[in-house]
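# Observations on chain architecture
Spelled out from the first residue to the last, the chains are:
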Amino acid sequence: QVQLVESGGGLVQAGGSLRLSCAASGHIISISTMGWYRQAPGKQRELVAVLTSGGSTNYADSVKGRFTISRTNAAKNTVYLQMNSLNPDDTGVYYCNADIHRAGTFRVQSYWGQGTQVTVSS
């Protein structure tokens, strides 16, 4: 089995920062794209940022210049989201997503974490 476990959410004042982490575990052969999505109350889940295995990134317009997605060579199965200059519109449940080739299978599948709450107070 494969699991994605997020951490780092919490309550922060507007203008503050948070760093989210998402670690993938299990019988993993390879991970291609990893990303973060969020869902605010009453709204659809939306893309925040994605990072391909080749290093390409894509950000939602609303977070460009404030959020940074990254992976390290030391922890290739972990993706981070550094969030700066947070504002109340960033409030929501943040979900990690990864396209993973799991051992014993012949195709890449998309996996989701359980989500972590981010609340930004004004």
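Our subject is the structure listed above.
Residues Trp36, Leu81, Met83, Tyr94 and Ile100 are the most contacted members of the largest nonpolar core, which totals 30 residues. Secondary-structure elements contributing two or more residues to this core are β1 (2-7), β3 (18-26), β4 (28-39), β5 (46-51), β7 (67-71), β8 (78-83), β9 (92-102) and β11 (116-121). Here Leu81 is in contact with Leu18, Arg19, Leu20, Trp36, Val48, Ala49, Phe67, Thr68, Ile69 and Tyr94, once residues within four sequence places are set aside.

Here Asp90 is to be found in the loop between β8 and β9. If sequence neighbours within four positions are ignored, Asp90 has contacts with Arg38, Arg66, Phe67, Ser85, Val118 and Val120.

This paragraph deals with the state of the cysteines. Enumeration over the complete set of coordinates arrives at one disulfide. Paired through a disulfide, Cys22 and Cys96 show a sulfur-sulfur distance of 2.1 Å. What sets the handedness of the Cys22 and Cys96 disulfide is the S-S torsion sign, and at about -80 degrees it is left-handed. One end of the pair, Cys22, is in strand β3; the other, Cys96, is in strand β9, with 74 residues separating them in the sequence. Judged by relative accessible area, which is 0%, Cys22 ranks as buried.

Under the defined criterion, the tally for this structure stands at one aromatic pair. A centroid spacing of 5.1 Å and a plane angle of 65 degrees characterise the contact between Tyr37 and Trp112, whose relative ring orientation is edge-to-face. Of this pair, Tyr37 sits in strand β4 while Trp112 sits in strand β10 (residues 108-112), and the two are 75 residues apart along the sequence. Cation over ring: Arg19 sits above Tyr80, and NZ or CZ is 4.1 Å from the ring centre. We note Arg45 situated over the ring of Trp112; from NZ or CZ to the ring centre the distance is 4.7 Å.

Thresholds, definitions, all that
Residues numbered from 1 in each chain as written. Predicted model: local features only at pLDDT ≥ 70, side-chain atom pairs only at ≥ 80, totals over all residues. Heavy atoms only, no water. Core = buried A, V, L, I, M, F, W, Y, C linked by side-chain atoms within 4.5 Å. Buried < 20%, exposed > 50% of the residue type's maximum accessible area, 1.4 Å probe, protein only. Helix = DSSP H or I, 4+ residues; strand = E, 2+ residues; numbered from the N terminus. Contact = heavy atoms within 4.5 Å. Disulfide = S-S within 2.5 Å. Phe/Tyr/Trp six-rings, centres within 6.5 Å; stacked < 30°, edge-to-face > 60°. Lys NZ or Arg CZ within 6 Å of the ring centre and 35° of its normal.

Distances and angles like these do not, on their own, reveal function.
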